[in-house]
Amino acid sequence: MKGGYRFGPGLAVVVLLMAAIPACAASVPDTPLNRARAQMAVQELEITLRTHPSATRALEDWCATHHMADRPVVTARKMTLARPDDVPPAVRADLGVSAAQPVRHRQVRLVCGTHVLSVADNWYVPDRLPAEMNAMLERTDASFGHVVAPLHFSRIRLEFVRLWSPWPGAAPARLLAVPAAIIRQRGVLRDEHGQPFSEVVETYTDQALDFLPAP
């Protein structure tokens, strides 16, 4: 991953969180048809993510399209950081802030219904957000995308990586082996005036494929 070493501590925590999420899509039978379905689903998810500046909105569209919840609303489950962590220098550079300027770190699982669709690390500059937005981010489990939607933000993608594909794959097994992490993207969010206010690293999980047919 280009520049991945710059985010070593943050991504290490993401890996631990991903390991704690129960795998669901792995119950899909390993057949050529299901491999093709999985390939098409991953490609469709990539298109959905690339065509939305907000990961929250993208996942809500995904959840609604594939009928993954009666109420396709994405909520954020905040994770408690083990200890206050240093902001990666690359994040400060991407956001254009000094070493002394406050940058907060928020880590969440984005959930729709019973499905944990992604694990996200979010660094944001509180001085560039209204007080009410900062209060919501600090005190509630509202998703970042919902909270900052009034900023009419855009996303500058710094990285977009497919972490898994069923083709080519190992010899067919009884069940399709889907890893916990299937897509990762990193980007900077800018407000309608072009000012960067947040950097995100989002890892999308195998549970985004839970709608695939099971035995």
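Our subject is the structure that appears above.
Let's talk about the side chain of Arg106
Here's step 1: Topologically, Arg106 is positioned in strand E2 (residues 104-112).
Here's step 2: Here Arg106 sits buried without a salt bridge, and the closest side chain of opposite charge, Asp141, lies 5.2 Å off (N-O distance).
Here's step 3: From its side chain, Arg106 meets the backbone oxygen of Ala142 in a polar contact 2.8 Å long.
Here's step 4: Excluding residues that lie within four positions of it along the chain, Arg106 makes contacts with Lys78, Ala120, Asp121, Asn122, Tyr124, Met136, Leu137, Thr140, Asp141, Ala142, Ser143 and Phe144.

What to know about the packing of helix H2 (residues 32-50) against helix H3 (residues 55-65)
Here's step 1: At a minimum axis separation of 9 Å, H2 and H3 run at an interaxial angle of 140°. What the angle tells us is that H2 and H3 run oblique. In the crossing of H2 with H3, the sense of the turn from one axis to the other is right-handed. Contacts between H2 and H3 involve Ala41, Glu44, Leu45, Thr48 and Leu49 from the first element and Ala58, Trp62 and Thr65 from the second.
Here's step 2: Each residue belonging to the contact of H2 with H3 can be placed in one class, and the counts come to 5 nonpolar, 2 polar and 1 charged.

What to know about unusual backbone geometry
Here's step 1: You will see that His67, though not glycine, has its phi angle at about 50°, which is positive.
Here's step 2: Within the secondary structure, His67 sits in the loop between H3 and strand E1 (74-78).
Here's step 3: At His152, a position not held by glycine, the phi torsion is positive, near 50°.
Here's step 4: Looking at the secondary structure, you find His152 in the loop between helix H6 (144-148) and strand E4 (154-162).

Thoughts on the sheet that holds strand E5 (residues 181-190)
Here's step 1: Reading across from one edge, E1-E2-E3-E6-E5-E4 is the order of the 6 strands in this open sheet, with antiparallel pairing throughout. At either margin of the open sheet sits one strand with a lone partner, and together these are E1 and E4. Averaged over all pairs of adjacent strands, the angle between strand axes in this sheet comes to 25°, irrespective of strand direction.
Here's step 2: Bridge analysis of E4 against E5 gives 8 bridges, and the strand direction is antiparallel. Across the sheet, the residue bridging to Glu159 is Arg186, located in E5.
Here's step 3: Its contacts with the sheet put H2 on E4, E5 and strand E6 (196-205), and the angle it makes with E4 is roughly 160°.
Here's step 4: Of the strands in this sheet, E1, E2 and strand E3 (115-124) touch helix H5 (residues 131-139), which is tilted by about 65° from E2.

Calculation notes
- Residues numbered from 1 in each chain as written.
- Predicted model: local features only at pLDDT ≥ 70, side-chain atom pairs only at ≥ 80, totals over all residues.
- Heavy atoms only, no water.
- Helix = DSSP H or I, 4+ residues; strand = E, 2+ residues; numbered from the N terminus.
- Buried < 20%, exposed > 50% of the residue type's maximum accessible area, 1.4 Å probe, protein only.
- Lys, Arg positive; Asp, Glu negative; His and termini not counted.
- Salt bridge = Lys/Arg side-chain N within 4 Å of Asp/Glu carboxyl O.
- Polar contact = N/O pair within 3.5 Å; in protein donor to acceptor, adjacent residues only side chain to side chain.
- Contact = heavy atoms within 4.5 Å.
- Axes fitted to C-alpha atoms, helices over the stretch in contact; angles between N-to-C directions.
- Parallel < 35°, antiparallel > 145°, perpendicular 65-115°, else oblique.
- Left-handed = near helix turned anticlockwise from the far one by under 90°.
- Nonpolar A, V, L, I, M, F, W, Y, C, P; charged D, E, K, R; others polar.
- Pairing = 2+ DSSP bridges.

Bear in mind that shape data such as this cannot, by itself, settle questions of function.
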